[in-house]
Amino acid sequence: SATSSLSGGTSPSVTFAVTTAVNGWLNIGHTSRTKLPEFGFDGGKLEMRGSWQKERLRQVWGAQPIEDKVKLHLEQWNRHTAELYFGADAANTEGIYGVSGDWTPVQKSLLVVLVDQFVNLGCYASKASIARDAAVDIPLDDFSSLPIEATFLNMGSRRLYDWISEDLFGLVGS
């Protein structure tokens, strides 16, 4: 949380602490600078369709659905990042994070913001299944990291995910 002070004119000063991000979003902390987010997909193999006369008329997606996802390397260890990697805290004891072994992926909304000097690009999924992606990385000469993978899930009639940037996509109709 951040602490700030406000004061003005003859009014008394006020000190406040910001404990949650705007609109309830939680900043999960540092992510790897050398292992950037990796957006990708699994499943959904393209298959060729044709006829006796023409073998290659069109491609269609196979029976398996496409699974869009993003992989992240979390470099800040706390209860929030531990939950994304290990699952819900089974200990509920101060100073201890318990792992029960009956692990199920965590489902949350996800917003990843990429900043490249003056251009901002966000990727928003209203629902994602978040699970560990690989072993905990503990190098000697860098930060340790919790590698996670967030698979985008359907939520009602909402789009699967959105790319957000006025810099890159402008306003509709302009």
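Let us look at the structure shown here. As the structure is a prediction and not an experimental result, all values here were calculated from the model.

Scoring rules and cut-offs
- Residues numbered from 1 in each chain as written.
- Predicted model: local features only at pLDDT ≥ 70, side-chain atom pairs only at ≥ 80, totals over all residues.
- Heavy atoms only, no water.
- Helix = DSSP H or I, 4+ residues; strand = E, 2+ residues; numbered from the N terminus.
- Buried < 20%, exposed > 50% of the residue type's maximum accessible area, 1.4 Å probe, protein only.
- Polar contact = N/O pair within 3.5 Å; in protein donor to acceptor, adjacent residues only side chain to side chain.
- Contact = heavy atoms within 4.5 Å.
- Salt bridge = Lys/Arg side-chain N within 4 Å of Asp/Glu carboxyl O.
- Arc of directions from axis to C-beta.
- Pairing = 2+ DSSP bridges.

### What to know about the side chain of Lys-69
- Along the polypeptide, Lys-69 turns up in strand β6 (residues 67-74).
- The class for Lys-69 is buried, based on a relative accessible area of 7%.
- A distance of 2.8 Å separates a polar atom in the side chain of Lys-69 from a polar atom in the side chain of Asp-42.
- Excluding anything up to four places from it in sequence, Lys-69 contacts Glu-38, Phe-39, Gly-40, Phe-41, Asp-42, Glu-149, Ala-150, Thr-151 and Phe-152.

### Regarding the pattern of salt bridges
- For the structure on display, the rule yields ten salt bridges.
- When the shortest N-O distance is used, the salt bridge between Lys-69 and Asp-42 registers 2.8 Å. Remark: Asp-42 occurs in strand β3 (residues 38-42) and Lys-69 occurs in strand β6; sequence separation between them is 27 residues.
- Salt-bridge contacts for Asp-162 lead to Arg-159; the nearest nitrogen and oxygen are separated by 2.6 Å.
- Note on Arg-159: relative accessible area 61%, which makes it exposed.
- Three or more residues joined by partner-sharing salt bridges are found here, namely Asp-42, Glu-67, Lys-69, Lys-71, Asp-133 and Glu-149.

### Re helix α1 (residues 79-86)
- Residues of α1 that are buried include every one of Thr-81, Ala-82, Leu-84 and Tyr-85, and no others. Seen along its axis, α1 keeps its buried residues to an arc of 160°; they face one direction.
- On its buried side, α1 packs onto β6, β7 (106-116), β8 (119-132) and β9 (146-152).
- Capping of α1 at its N-terminal end is provided by Asn-78; its side-chain oxygen lies 2.9 Å from the backbone amide nitrogen of His-80.
- At the C-terminal side of α1, Gly-87 shows a positive phi close to 95°.

### A word on the pairing of β9
- Counting buried residues in β9 gives seven out of seven residues, a clear majority hidden from the surface.
- Neither face of β9 is open: one carries Leu-146, Ile-148, Ala-150 and Phe-152, the other Pro-147, Glu-149 and Thr-151, and all of them are buried.
- Pairing analysis gives six bridges linking β6 to β9, with the strands arranged antiparallel. When the bridges of β9 are listed, Lys-71 appears paired with Glu-149.

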